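Chain by chain, the residues run as shown.
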Amino acid sequence: MPGYSIVDPDDVRDVYASSDVPGEFRPLTHALGCEQLAATLIRVPPHSDFEQGTGHFHDEVEELYLVTRGTLTMRFGDDIAKVGPGAAVRVAARTPRSHRNEGDEPVEMWAISRKIDEEDATKIDDFWEASPEARQHVE
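Keep in mind it's a predicted model, so treat the numbers as computed, not measured.

Asker: Break down unusual backbone geometry for me, citing the residues and quoting the values.
Answerer: A positive phi angle, close to 55°, is found at His47, a residue other than glycine. In this fold, His47 is placed in the loop between strand 2 (37-44) and strand 3 (55-58). The backbone of Arg94 shows a phi angle near 75°, a positive value even though the residue is not glycine. Mapped onto the elements of the fold, Arg94 is located in the loop between strand 7 (88-91) and strand 8 (97-100).

Shown next as structure tokens:
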């Protein structure tokens, strides 16, 4: 196997394609053959509550979010911040987090972390008030 891989994110399955969650969640880790890193492309349409009022945290994994398009409203514990294109955001393990797109432009964001073999995320229901249009139904 060569020492590199190239993957078009649009060729990777959108995990939320058959759900009511607005936007896309495309985990590229497997498709890239990553040994040490995990990478996911997240796309959030305008005026969409991607996590739909919920939040999550990771027991062990520190995450790096890279916003490449649009502006997100992100919540970290009790803090809320607007994060625009070109921003890099590090979130420590055990820090509750969530995000939504309150703007008129679509958002693209990459989530990068170290790869682990077990599920590490814990969902937090009612983390913040959901947008009025929010629905939560994942198949």
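Asker: Kindly report on the pattern of salt bridges, identifying the contributing residues and their values.
Answerer: Inspection of the entire model under this criterion finds 12 salt bridges. One salt bridge connects Asp10 with Arg43, and the closest N-O pair in it is separated by 2.6 Å. Taken together, the residues Asp10 in the segment before strand 1 (24-27) and Arg43 in strand 2 connect sequence positions 33 residues apart. On the accessibility criterion, Asp10 (45% relative accessible area) is partly exposed. Arg75 is paired through a salt bridge with Asp78; the nearest N and O atoms lie 3.5 Å apart. Judged by relative accessible area, which is 14%, Arg75 ranks as buried. Exposure remark for Asp78: the relative accessible area of 70% places this residue in the exposed category. Here the salt bridges share partners, and the residues they tie into one network are Asp10, Glu24, Arg26, Arg43 and Glu108.

Asker: Lay out the confidence of the model for the protein chain in plain terms, naming residues and giving numbers.
Answerer: Averaged over all residues, the pLDDT of the protein chain is 88; the fraction at 70 or higher stands at 93%. Per-element confidence in the protein chain is highest for strand 7, whose mean pLDDT is 98, and lowest for strand 10 (residues 121-124), whose mean pLDDT is 77. Contacts for the low-pLDDT stretch residues 134-139, under 50 throughout, to residues beyond four places or in other chains number 16 contacts.

Asker: I'd love a proper account of the nonpolar core, names of residues and values included.
Answerer: Ile42, Tyr65, Leu72, Met74, Val89 and Met109 are the most contacted members of the largest nonpolar core, which totals 15 residues. For this core, the secondary structure elements donating two or more residues are strand 2, strand 4 (63-69), strand 5 (72-76), strand 7 and strand 9 (107-114). Setting aside anything within four residues of it in sequence, one finds Met109 in contact with Thr40, Leu41, Ile42, Tyr65, Leu66, Val67, Thr68, Leu72, Met74 and His99.

Asker: Go over the pairing of strand 2 with me, naming the residues and quoting the values.
Answerer: Counting buried residues in strand 2 gives 7 out of 8 residues, a clear majority hidden from the surface. With 4 bridges joining them, strand 1 and strand 2 adopt antiparallel strand pairing. Its bridge partner being in strand 2, Pro27 is matched across the sheet by Thr40. Here strand 2 runs beside strand 9; their pairing, made up of 8 bridges, is antiparallel. Looking across to strand 9, one finds that Val44 is bridged to Val107.

The rules behind these values
- Residues numbered from 1 in each chain as written.
- Predicted model: local features only at pLDDT ≥ 70, side-chain atom pairs only at ≥ 80, totals over all residues.
- Heavy atoms only, no water.
- Helix = DSSP H or I, 4+ residues; strand = E, 2+ residues; numbered from the N terminus.
- Salt bridge = Lys/Arg side-chain N within 4 Å of Asp/Glu carboxyl O.
- Buried < 20%, exposed > 50% of the residue type's maximum accessible area, 1.4 Å probe, protein only.
- pLDDT = per-residue confidence, 0-100.
- Contact = heavy atoms within 4.5 Å.
- Core = buried A, V, L, I, M, F, W, Y, C linked by side-chain atoms within 4.5 Å.
- Pairing = 2+ DSSP bridges.

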